[in-house]
Amino acid sequence: MVTEPPHSLLVQSYAPADMRGGGTVNADGFGVGWYVRDLLSYSSEDHARTALYRRDDPMWTDASFLDVARAVETTALVAAVRSATVGMPVSTAACAPFRGEAAGATWLFSHNGVVRGWPQSMADLAATLPAVDLLTTEAATDSALLWALVRARIAAGKDPADAVAGVVAEALAAAPGSRLNLLLSDGDQVVATAVDHALAYRTHPDGGVTVASEPLDDDDAWVPLNDGTLLVARPGSAHDPPAVSVTAL
């Protein structure tokens, strides 16, 4: 999924097709987070565990990751490559996906885009966070702050889709013209937004769903999302099609 398709994330790291002015390559790091279960003690009530592999160098230079990727199997993953915004740090901690616990689930989060006027534009929103959340933000980046805002809303009892949509609305109000493709998953669902950046999804015969900034191949099954939309997708099975809804933000 990450390295083998014709336009995989690996290819997108050095030959992206739709950067929207955000650079020419995604060479400032990458990350993959996936859900893992202990098959020897699995029960339907167990929370999925996650594993993260993140680096602050280009994916194509990491031979160890390319080797690990061949051996990993999972039912859900979030992966990203990074082109750092000028003025923001290039570090492993700044690479998506970000991970955290909220409302009894383990979440993985990614942001493709940029918050305009950073950091001044987001100062008031940042001040709404609990002090501990703000002090433990992984990196001094717009993406890490957006994740902290989303996670705080989920922890306060918001539905994940409402939490993501609310943060997008508040960020756009504070920083007009921002590019806010947010993606959130707990291993059982995907919530994603398309705001001034490309996003598409496709369903698979086995009941799976793939959501990507750039389609991984030329299959006609890919459905591009209109700007200003919210996607919520839950996988199905070979006998039960996935549930995908797309609504206006």
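Before going into details, it helps to say that this report is about the structure given with it. Since the model is a prediction, treat every value here as computed from it, not as a measurement. (Residues numbered from 1 in each chain as written. Predicted model: local features only at pLDDT ≥ 70, side-chain atom pairs only at ≥ 80, totals over all residues. Heavy atoms only, no water.)

### Focus on helix 6 (residues 160-174)
Argument step 1. Over its 15 residues, helix 6 extends 21 Å from the first C-alpha to the last, a length consistent with the 21 Å expected when each residue adds 1.5 Å.
Argument step 2. Taken together, the buried positions of helix 6 are occupied by Pro-160, Ala-161, Ala-163, Val-164, Val-167, Val-168 and Ala-171. Taken around the axis of helix 6, the buried residues stretch over an arc of 165°, which confines them to a single face.
Argument step 3. At its buried positions, helix 6 is contacted by strand 5 (105-114), helix 3 (123-126), helix 5 (142-155), strand 6 (179-185), strand 7 (190-194) and strand 11 (229-234).
Argument step 4. Residue Asp-159 occupies the N-cap position of helix 6, its side-chain oxygen lying 3.0 Å from the main-chain nitrogen of Ala-161. (Helix = DSSP H or I, 4+ residues; strand = E, 2+ residues; numbered from the N terminus. Expected span 1.5 Å × (residues − 1). Buried < 20%, exposed > 50% of the residue type's maximum accessible area, 1.4 Å probe, protein only. Arc of directions from axis to C-beta. Contact = heavy atoms within 4.5 Å. Polar contact = N/O pair within 3.5 Å; in protein donor to acceptor, adjacent residues only side chain to side chain.)

### Re the environment of Arg-70
Argument step 1. Counting through the fold element by element, Arg-70 comes out in helix 2 (residues 63-71).
Argument step 2. Judged by relative accessible area, Arg-70 falls into the exposed class, the value being 62%.
Argument step 3. Each C-alpha atom, one on Arg-70 and one on Glu-4, is 9.2 Å from the other, the two residues being 66 residues apart in sequence.

### Some details on the packing of aromatic side chains
Argument step 1. Under the definition given, this model contains five aromatic pairs.
Argument step 2. Geometrically, the ring pair formed by Tyr-14 and Trp-60 is edge-to-face, given 6.1 Å between the ring centres and 85° between the ring planes. In this pair, Tyr-14 sits in helix 1 (residues 9-14) while Trp-60 sits in the loop between strand 2 (49-55) and helix 2, placing the two residues 46 residues apart along the sequence.
Argument step 3. Assessed through its relative accessible area of 42%, Tyr-14 is described here as partly exposed.
Argument step 4. We classify Trp-60 as partly exposed; its relative accessible area is 37%.
Argument step 5. Between Phe-30 and Tyr-53, the aromatic rings sit 6.1 Å apart at their centres with planes inclined by 20°, giving stacked as the arrangement. One end of the pair, Phe-30, is in strand 1 (residues 30-36); the other, Tyr-53, is in strand 2, and 23 residues separate them in sequence.
Argument step 6. Overall, Phe-30 belongs to the buried group, its relative accessible area being 0%. (Phe/Tyr/Trp six-rings, centres within 6.5 Å; stacked < 30°, edge-to-face > 60°.)

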